[in-house]
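Here's the letter readout for the chains.
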Amino acid sequence: MINNVVLTGRLTKEPELKFTQNGVAFMNFTLAVQRNYKTDAGQYESDFISCVAWKKTAEMISGYAHKGSMIGIEGSIQTRNYENQQGQRIYVTEVNARQFHFMESKKDSQNNQQANNNQSYQQGYAQGYQQQQPQQPQHNQPIASEINEDDLPF
């Protein structure tokens, strides 16, 4: 049987290294992977792929990558399930990353991180400005900034 996945994408948030009760390093992360084609509106869409890395791979990603870093991973798809606090069975499909590769130079990565920091500052400023403005009528569709990554079904 073949179960091999190769992805190139950008980290959606700062990597956070965690440890199991037995002291094994791991991290869950999401890669934003741009599709190869444009929509009818001329835009590229991205898929947000849930991934997990273990041991040295997790330590290396968390130690050297940051939000917005473009990395390539090699691994396999795995499924698991667990029972949440409400007693519901939760099913998870994710990529188990065995290896990773930096896909941009350190300089490009630092420039990208600085651009992300500037964008976060500008968004924070804009949100503060918007809070001072009269509220516009709300639509039923959530905007991207209101969507919590934990609420996504994937």
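Preceding this section is the structure that the text describes.
Let us look at the structure shown here. Since this is a predicted model, take the numbers as computed values, not measurements.

Core analysis: the largest hydrophobic core is formed by 17 residues, its most contacted members being Phe29, Leu31, Ile61 and Ile73. Where this core is concerned, the elements lending two or more residues are strand 1 (5-11), strand 3 (25-38), strand 4 (44-54), helix 1 (55-64), strand 5 (70-83) and strand 6 (89-102). With four residues, strand 3 is the single largest residue contributor to this core.

We now examine helix 1. Taken residue by residue, helix 1 has Thr57, Ala58 and Ile61 as its buried positions. Along the axis of helix 1, the buried positions cluster into a sector of 95 degrees, meaning they face one direction only. Every exposed residue of helix 1 that faces more than 90 degrees away from the buried side is listed here: Lys55, Lys56, Gly63 and Tyr64. Here the buried face of helix 1 lies against strand 1, strand 3, strand 4 and strand 6.

As a working rule, side chains carrying opposite charge can pair if their charged atoms are close by. Counted by the stated rule, this structure contains six salt bridges. Across the pair arginine 35 and glutamate 45 runs a salt bridge, and its minimum N-O distance is 2.9 Å. Of the two residues, arginine 35 sits in strand 3 while glutamate 45 sits in strand 4, which places them 10 residues apart along the sequence. Exposure remark for arginine 35: the relative accessible area of 25% places this residue in the partly exposed category. Residue glutamate 45 is classed as partly exposed on the basis of its relative accessible area, which comes to 37%. Close ionic contact of glutamate 94 with arginine 80 constitutes a salt bridge, the shortest N to O distance being 2.7 Å. Of this pair, glutamate 94 sits in strand 6 while arginine 80 sits in strand 5, and the two are 14 residues apart along the sequence. Accessibility expressed as a relative area gives 6% for glutamate 94, which makes it buried.

With that settled, the discussion passes to the environment of phenylalanine 48. Inspection of the secondary structure puts phenylalanine 48 in strand 4. Separated by 37 residues in sequence, phenylalanine 48 and leucine 11 place their C-alpha atoms 9.5 Å apart.

Parameters and conventions
- Residues numbered from 1 in each chain as written.
- Predicted model: local features only at pLDDT ≥ 70, side-chain atom pairs only at ≥ 80, totals over all residues.
- Heavy atoms only, no water.
- Core = buried A, V, L, I, M, F, W, Y, C linked by side-chain atoms within 4.5 Å.
- Buried < 20%, exposed > 50% of the residue type's maximum accessible area, 1.4 Å probe, protein only.
- Helix = DSSP H or I, 4+ residues; strand = E, 2+ residues; numbered from the N terminus.
- Arc of directions from axis to C-beta.
- Contact = heavy atoms within 4.5 Å.
- Salt bridge = Lys/Arg side-chain N within 4 Å of Asp/Glu carboxyl O.

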